[in-house]
Amino acid sequence: MTSAPSRDPVDIARFSDMKLSDERLAAIEALGWVTPTPIQVQAIPAGLDGKDVVGIAQTGTGKTGAFMIPALERIRAGEGLQVLALCPTRELAQQVSDDSAALAKGTNIRNEAIFGGVGYAPQIRALEDGFEVIVATPGRFIDHMQSGRVDLSKVDYLVLDEADRMLDMGFRPQIEDVLRGMPKKRQTMLFSATMPHGVHDLALRLTKDALWVEATPSGTTADGIEEFFYSVKPEKKPDLLLRLMAEPGWDHVLIFTRTKAGADVLEGRLQREGILADVMHSNRQMKHRTRALERFATGKVRVLVATDVAQRGLDVEGISHVVNYDVPLDPEDYVHRIGRTGRAGATGNAVTLVTASDLGAMKSLEHRLGRRVEKTHLPEFDYAGTPQTESRSAARRGRKSRSPHGMGSKAAADLTPEELEALLNPGS
Ligand code: AMP
């Protein structure tokens with residue numbers, strides 16, 4: 001008799017090998033997920049075994065399935081709230097809740113997204129009826145807790161999703177309040193795109209013998225994203241953007257600006273140029289934000305201009321380009337923003353516009369990412385370059401530069417930050 005070969009968890013490449021219920025496998029199939037993503041390969045078996053998991057994974061890696069599939073397998077329908085997932089933003093809470101509902105298809109498991117800016121009634125009903133899964137932002141959830149509507153006594157599966165972002169947004173006190181009201185004996189799944197000290201400490205404190213899994217090294221982007229930094233004069237940013245958008249392939253473009261006013265101005269300019277665009281930021285009412293997102297997701301508008309409100313949880317298929325119209329001040333924001341493209345194996349493009357005053361931010365960003373991002377420019381928009389300096393630079397480097405924008409090597413140059421600086425301050 002031969003014994004079955006022992007199987008390392010990372011060898012599992014099919015959901016059907018994961019001891020999942022028939023309903024779950026059917027739901028996964030209905031979602032069109034054929035093979036588990038790397039983070040799912042590692043986290044799902046551990047989660048099913050009751051282990052705590054700390055996942056370093058950004059959106060786009062399949063992390064929601066990684067924590068929700070084991071959660072749903074252990075729930076007893078009709079026995080009250082058992083799974084609580086906390087998320088930093090409304091958009092992410094809605095997305096995780098939608099994924100959870102899709103993964104629970106064919107069962108009696110009920111779930112509700114709870115966040116601010118919308119009416120209380122459906123949320124109260126879900127809490128009072130003992131929906132088994134709640135996906136919530138901390139602020140509104142605490143509201144409900146303080147009103148005595150939440151029964152945490154049976155919650156034995158806690159998810160902290162995008163923990164780094166929740167701490168950045170100052171949600172630590174609310175998280176601590178939730179933890180105090182929750183049974184100590186529970187399974188905890190903590191997911192975070194990056195692992196700064198605060199999150200690391202939280203992970204160590206909240207989990208026991210956790211399996212630590214990493215989708216991509218901390219701070220790096222999901223595979224399949226081509227990234228470019230374009231140097232540009234500040235006043236030429238709109239023209240450069242329009243020039244780039246005239247290139248083939250710029251079909252579905254998400255643009256991040258630093259300010260709400262900047263987003264409004266840019267949206268107006270795009271509209272005047274005949275480009276269908278919408279805007280999404282926190283000064284807009286929830287219903288406008290939802291509509292903007294829907295119009296973008298369904299392809300009714302080609303461009304969505306957003307502030308950081310959209311950076312997490314915005315799960316739109318087929319974004320061809322993410323543009324950082326302004327360099328993100330926080331390197332973690334960069335990783336999250338560009339994670340909107342190149343989702344789950346697809347390829348995408350991330351373009352960041354860099355002005356002379358952004359050089360410091362750009363360097364610290366690269367330092368934090370632990371890698372260099374390819375620099376390029378179009379001479380007529382560049383703050384430093386002229387066709388002459390560019391060709392000198394390319395010649396000095398002794399190689400043909402890669403062109404991301406179909407202009408051929410004559411217009412694209414690949415400059416290091418030092419070279420950019422040298423061009424900018426020739427005497428220094
Ligand atoms: P997430 O990282 O959880 O936000 O997932 C990113 C996107 O990948 C979502 O659109 C998911 O529906 C999709 N996705 C998650 N897991 C898989 C999988 N195993 N195969 C294909 N797509 C997936």
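Keep in mind it's a predicted model, so treat the numbers as computed, not measured.

(A) Broad picture of the overall build of the chain. Tallying secondary structure elements over the chain gives 16 helices and 14 strands in all. Going through the 428 residues of the chain one by one, you find that 55% of them count as buried. In the chain, the proportion of contacts linking residues at least 24 apart, taken out of those at least 6 apart, comes to 74%. When the accessible surface of the chain is totalled, it reaches about 18300 Å², and 51% of it is carbon and sulfur.

(B) Examining the sheet that holds strand E4 (residues 133–136) more closely. Read across the open sheet, the seven strands follow the order E3-E4-E2-E5-E6-E1-E7; overall the sheet is parallel. Each of the sheet's edge strands pairs with one partner strand only, and the pair in question is strand E3 (111–114) and strand E7 (211–214). Sheet twist, expressed as the mean angle between neighbouring strand axes with direction ignored, is 10°. Bridging between strand E1 (residues 53–56) and strand E6 (residues 187–192) involves four bridges; their strand directions are parallel. Across the sheet, Val54 pairs through a bridge with Leu190, a residue of E6. Against the sheet, helix H3 (residues 63–74) makes contact with strand E2 (83–86), E4, strand E5 (157–160) and E6, and its axis sits at roughly 165° relative to E6, the strand it touches most. Sheet contacts for helix H5 (residues 121–128): E3 and E4; angle to E3, the most-contacted strand, approximately 135°.

(C) Here's a closer look at the site of the ligand. Inspection of the region around the ligand gives 16 residues, with Thr35, Gln40, Gly60, Gly62 and Thr64 positioned closest. In this structure, Thr35 approaches the ligand through a main-chain N or O atom, which is 2.8 Å from a nitrogen atom. Take Thr64: an N or O atom from its side chain is 2.6 Å from an oxygen atom of the ligand. Within the complex, 87% of the 490 Å² of free accessible area of the ligand lies under protein. For the shell around the ligand, the residue count by class is four nonpolar, eight polar and four charged.

(D) Highlighting the nonpolar core. One finds Phe67, Met68, Val133, Val135 and Phe191 to be the most contacted residues of the largest nonpolar core, which totals 36 residues. Mapped by element, the contributors of at least two residues to this core are helix H2 (38–48), H3, E2, helix H4 (90–103), E4, E5 and E6. Here this core takes six residues from H3, the largest share from any one element. Setting aside residues up to four positions removed in sequence, Val133 forms contacts with Met68, Leu72, Ile75, Leu81, Val83, Ser100, Ile109, Arg110, Asn111 and Glu112. Leu81, Met195, Leu206 and Ala210 belong to the second-largest nonpolar core, a separate cluster that totals 33 residues.

Cut-off values and rules
Residue numbering note: each chain is counted from 1, following its sequence as written. Totals for whole chains, interfaces and linings use all residues, but because this is a predicted model, local features are given only for residues with pLDDT of at least 70 and pairs of side-chain atoms are given and counted only at 80 or more. Excluded from the side-chain calculation are hydrogens and water; included are all heavy atoms of the structure. Helical segments are the DSSP runs of H or I of at least four residues, strand segments are the runs of E of at least two, and each set is numbered from the N terminus. Remark: exposure states derive from per-residue accessible area (1.4 Å probe, protein chains only) relative to the maximum for the residue type, with buried under 20%, exposed over 50%, and partly exposed in between. Residue contacts are counted whenever heavy atoms from the two residues lie within 4.5 Å of one another. The accessible surface values rely on the Shrake-Rupley method and a 1.4 Å probe; as for residues, cover is taken only from the protein chains in view. One bridge is not enough; two strands pair if DSSP finds at least two bridges between them. Axes here mean lines fitted to C-alpha atoms, for a helix over just the part in contact, with angles spanning 0 to 180 degrees between N-to-C directions. Whether a residue is near a molecule or strand depends on its heavy atoms: if one lies within 4 Å, it is near. By the criterion applied in these results, polar contacts are pairs of N or O atoms within 3.5 Å in which, for protein atoms, one can donate a hydrogen and the other can accept it, and in which residues neighboring in sequence qualify only through two side-chain atoms. Residue classes follow a fixed rule: Ala, Val, Leu, Ile, Met, Phe, Trp, Tyr, Cys and Pro count as nonpolar, while Asp, Glu, Lys and Arg count as charged, and any other residue, Gly among them, counts as polar. Nine residue types can take part in a nonpolar core, namely buried Ala, Val, Leu, Ile, Met, Phe, Trp, Tyr and Cys, and a core is a set of them joined through side-chain atoms within 4.5 Å.

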